[in-house]
Amino acid sequence: MTGRSLAYLTSVPIEQVKGLTGKRGQALRKAGITSVTDLLLHTPRRYLDRSTVTPIGSLTAGEEVTVMGRVRKVSTRRPRRNLTIVEADIADESGSVRCVWFNQGFRARQLTEGSEVAVSGKLETRKNRRQMNSPAVDMLTSDLESLVTGRVVPIHPSVGEVGPGYMRRAVHNGLLRSRPILDPLPGELVSRLGLIARDQAVATMHFPETMEDVQPARRRLVFDELFRLEVALALNKRRMIDQAQGFSHPVDAELVRRDLSLTATRMKLDWLADENLDPGLAAEIRNSLDDTVTARIASREDLHVDQAGEEDRDRATVMASEFTKTLPFPPTNAQIQAIFDILSDLVVPHPMHRLLQGEVGSGKTLVAVYALLASVGSGYQAAVMAPTEVLSEQHFISIAALIDGAGMAPAETGGEDLGMESLFSQEPGEHQVSIALLTASHAEVNFRPRGATKRDDLLAWIAAGKIDIVVGTHALIQEGVHFQRLGLAVVDEQHRFGVAQRVLLKEKAVDVDPDLLIMTATPIPRTLSMTLYGDLDVSVLDEMPPGRTPVATRAVDPAGLSVVYEEVREQVGTGRQVFYVCPLVEESLKIEAASATAEYERLKAIFPKLRLGLLHGQMPSKDKEATMRTFRAGEIDILVATTVIEVGIDIPNASMMVIQDADRFGLSQLHQLRGRVGRGSHASLCVLVADPTTDEGKARIAAMVSTNDGFRLAEEDLRIRGQGTVFGTRQSGMADLRLADILKDTDTLISARREAFGLVADDPELTAHPDIKDEIKEMLGDAVDWLFVS
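First, a word on what this report is: a plain description of the structure on this page. Every chain is numbered independently, its residues counted from 1 as its sequence is written. In keeping with the predicted nature of the model, local features appear solely for residues at pLDDT of at least 70, side-chain atom pairs appear and are counted solely at 80 or more, and the whole-chain, interface and lining totals rest on all residues. Calculation of side-chain values draws on the structure's entire complement of heavy atoms; hydrogens and water are dropped beforehand.

**Details of the pattern of salt bridges**
So, point 1. Each reported salt bridge corresponds to a side-chain nitrogen of Lys or Arg within 4 Å of a carboxyl oxygen of Asp or Glu. According to the stated counting rule, one finds 29 salt bridges in the structure shown.
So, point 2. One salt bridge connects glutamate 15 with arginine 29, and the closest N-O pair in it is separated by 2.8 Å. Linking glutamate 15 in the loop between helix H1 (6-9) and helix H2 (22-30) with arginine 29 in helix H2, this pair joins segments that are 14 residues apart in sequence.
So, point 3. Here aspartate 89 ties to arginine 98 by a salt bridge, and the two come within 3.3 Å at their closest N and O atoms.
So, point 4. Several salt bridges share partner residues, and in doing so they unite Asp183, Arg198, Arg220, Asp224, Arg228 and Glu775 into one network. Numbering of helices and strands runs from the N terminus, with a helix taken as a DSSP run of H or I at least four residues long and a strand as a DSSP run of E at least two residues long.

**Digging into the sheet that holds strand S19 (residues 612-615)**
So, point 1. Within the open sheet, the six strands sit side by side as S17-S22-S21-S18-S20-S19. Their pairing is parallel. Looking at strand neighbours, the two that pair on one side only are strand S17 (552-556) and S19, the edges of this open sheet. Each strand of the sheet is rotated relative to its neighbour by a mean of 20°, with strand direction disregarded.
So, point 2. Where strand S18 (residues 577-581) meets strand S20 (residues 638-641), four bridges bridge the pair, whose relative direction is parallel. Bridge pairing links valine 578 to isoleucine 638 in S20.
So, point 3. Residues are treated as being in contact if the distance between any of their heavy atoms lies within 4.5 Å. Axes here refer to lines fitted to C-alpha atoms; in helices the fit is confined to the stretch in contact. Angles between the N-to-C directions go from 0 to 180 degrees. Along the sheet, helix H19 (residues 561-573) makes contact with S17, S18, S20, strand S21 (654-659) and strand S22 (685-689), crossing S21 at roughly 160°. For two strands to be treated as a pair, DSSP must find at least two bridges joining them.

**Notes on the packing of aromatic side chains**
So, point 1. Each aromatic pair joins two rings of Phe, Tyr and Trp (for Trp, the six-membered one) with centres within 6.5 Å, and gets the label stacked for planes under 30 degrees apart, edge-to-face for over 60, and tilted for any other angle. Applying the stated criterion across every chain, the model contains five aromatic pairs.
So, point 2. Judged by centre distance (5.8 Å) and plane angle (45°), the ring pair of phenylalanine 447 and tryptophan 461 falls under tilted. In this pair, phenylalanine 447 is assigned in the loop between strand S12 (443-445) and helix H16 (455-463) and tryptophan 461 in helix H16, connecting sequence segments 14 residues apart. One exposure class covers both phenylalanine 447 and tryptophan 461, and it is buried.
So, point 3. Aromatic side chains tyrosine 565 and phenylalanine 607 sit 5.6 Å apart centroid to centroid with 90° between the ring planes, which places their arrangement in the edge-to-face category. One end of the pair, tyrosine 565, is in helix H19; the other, phenylalanine 607, is in the loop between helix H20 (589-606) and S19, and 42 residues separate them in sequence. The same class applies to tyrosine 565 as to phenylalanine 607, namely buried. The buried label goes to any residue with under 20% of its type's maximum accessible area, the exposed label to any with over 50%, and the partly exposed label to all in between, with areas taken from a 1.4 Å probe on protein chains only.

**Observations regarding the sheet that holds strand S11 (residues 435-438)**
So, point 1. With respect to topology, eight strands assemble into an open sheet ordered S12-S11-S13-S10-S14-S15-S9-S16, the strand pairing being mixed. Only two strands of the sheet have a single neighbouring strand rather than two, namely S12 and strand S16 (537-541). Going from strand to strand, the sheet's axes swing by 15° on average, the running direction of each strand aside.
So, point 2. Relative to strand S13 (residues 469-472), S11 runs parallel, the two sharing four bridges.

**Brief notes about unusual backbone geometry**
So, point 1. Here the residue pair arginine 179 and proline 180 is connected by a cis peptide bond, since its omega of 0° sits within 30 degrees of zero.
So, point 2. Residue placement: proline 180 occurs in the loop between helix H5 (164-178) and helix H6 (187-192).
So, point 3. At asparagine 103, a residue that is not glycine, the phi angle is positive and equals roughly 55°.
So, point 4. Its location among the elements puts asparagine 103 in the loop between strand S4 (95-102) and helix H4 (106-110).
So, point 5. Here asparagine 103 falls in the partly exposed class, since its relative accessible area comes to 48%.
So, point 6. One non-glycine residue, leucine 766, lies in the positive phi region at around 55°.
So, point 7. Within the secondary structure, leucine 766 is located in the loop between helix H25 (746-762) and helix H26 (770-780).
So, point 8. Residue leucine 766 is classed as buried on the basis of its relative accessible area of 2%.

Functional significance is not addressed by these values, which are geometric in nature.
Here it is, written out as structure tokens:
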């Protein structure tokens, strides 16, 4: 069908629609409705079925009803100070109903005698008269009779001072000028999925003949919205594959997976042989065992790939095998699968673009180490970028400890020379791995005493290729930092970095595009990951290592703090440590720091015999790191902190967290904070001190108390906040979805993604689908810039 496309109508300004010039047009522009396409996608928020309207005289008290009629009389009275009562009689041919509003003086201006309205609320009987208290009001007068009588009446959202009636008339005028609307989708696809035509969908969404017509129209427009986004993501993924200058890492992913699986089972069987093993943990381990793998171990089959002829294995595979032998805990099935996915990506000759998401404590760092070793074992350097110095240092400590435990750390030297050769010049079998920490205030390496490394020396070693893994903050992307051969970039908590920062890190590589692994401890609902990260492959760590005790969570009213203080003393008395998180101050980091300092002084008076420490974002870096080292060493009993501890802090001895004014934090943030405890073998407790006054605050606290499952909490967070506030997590410039609800429209999202990726696979340049290509460019606008940049 020929006609005007939505891409074309995006270029037609809103002022060309009859009735939307002057102030009304300005009001719509201020709200982001700037084109005819925007107007046509400004869909009704609800409908009034006037085709089968019930006369006012037939209504029964106690019902939730919507009635339509004309305003017969309006009056205002003020029986006492601070109380204004507006009354209006609404009548049709069968009778009338009195409507009463309290302290809503604007109703007297809104309702004029003779105007036609729809009011919705609960019908009551007062003094033998029908009455509705504080009903919702929709003005109908501004329409021609044909749009409000004897039909389903759309109620469009108001825009500024432009009410539903004017919006309804404007949309009607826009449709008259725009139809027929071109359908860019192939007819075969529309028919196969049982969709109605776009022209029919747009017209019906605004002016349905029956209420049953609304759902098919909405389904088509929701599919179109999600399909546009998924095609753009599929194009971006295709571009990353076709245009990138990648390389292949010689690593045997299947052998590493087999080795991990066998090793995990052997370790679990060794645990089960311990007569003193906790019965609950023993049952958990038995349930996780793979019968096939257990049988292979029982038959004493060879377990490690290096036993099958190490001289025939590439260095990366051998390093992975050596590392696997020294694991302190058996890897989970989710970790094994994620490691296999990543190593499989590294084998192919185009850059990896993978998102690794996992619960707090699910073992993302361990998975990342396998990727780092594969890069180093292939003769390339690797970089790990984290958003804060505290998290960067934690990563440096954790990775260095794992490498040291595997016997791969270079010998420590305090001399002026490097004291070692990089892996690139070593003979096979020598698997020393040099690791460095580079932030704005620190330069450290794993082969020299702390504080013995000069920044200029470290920069020279990185440029010469003598450092294998560099961990740091945004300092890694500053001028003066040069890698000889960067092959892998790992970005942790990536939502705290902009696209440009990730691109700058990748541009540190010379001649090739490095592999990219994005990590986040913020659980992302599956539907959201398909939209925000649809151009990335996704691995999910949805298992916790065996033996982890869920953190008990309890909500406490501020009046009950004395009991909490006693629990803090009990925890410290048993040798444990406590996090005490200060209230969130949104206005200013400086105010938040002052608040934390005041809380620290208050708590010192409450706990005079305990050792307290203070940590907030306004402290100098060296002071923050010194505090964390002291806390990690067990020399601080209570750490009073702001949300600077939200991610990356690993203190196994910390068994209790108190969060003040917990209802002021987001659900995801609360879950991240709670993840700082319960990282050891001790039973742990999180106390949420809160007196929520809003339904949203109450829902967040209730959700935290009810579950420790981060993915369930992520879904609940999406439900509570709505998807519109979530899309800023990847790029603030992306427009919110207008119609689609990614929780309710999951099936449509999956279908749109499947069709979009299939279309791009068959037509990578969209040569055969120019209308789809034009629509994506015009309707996504600036969003295309980030969709086509990884």
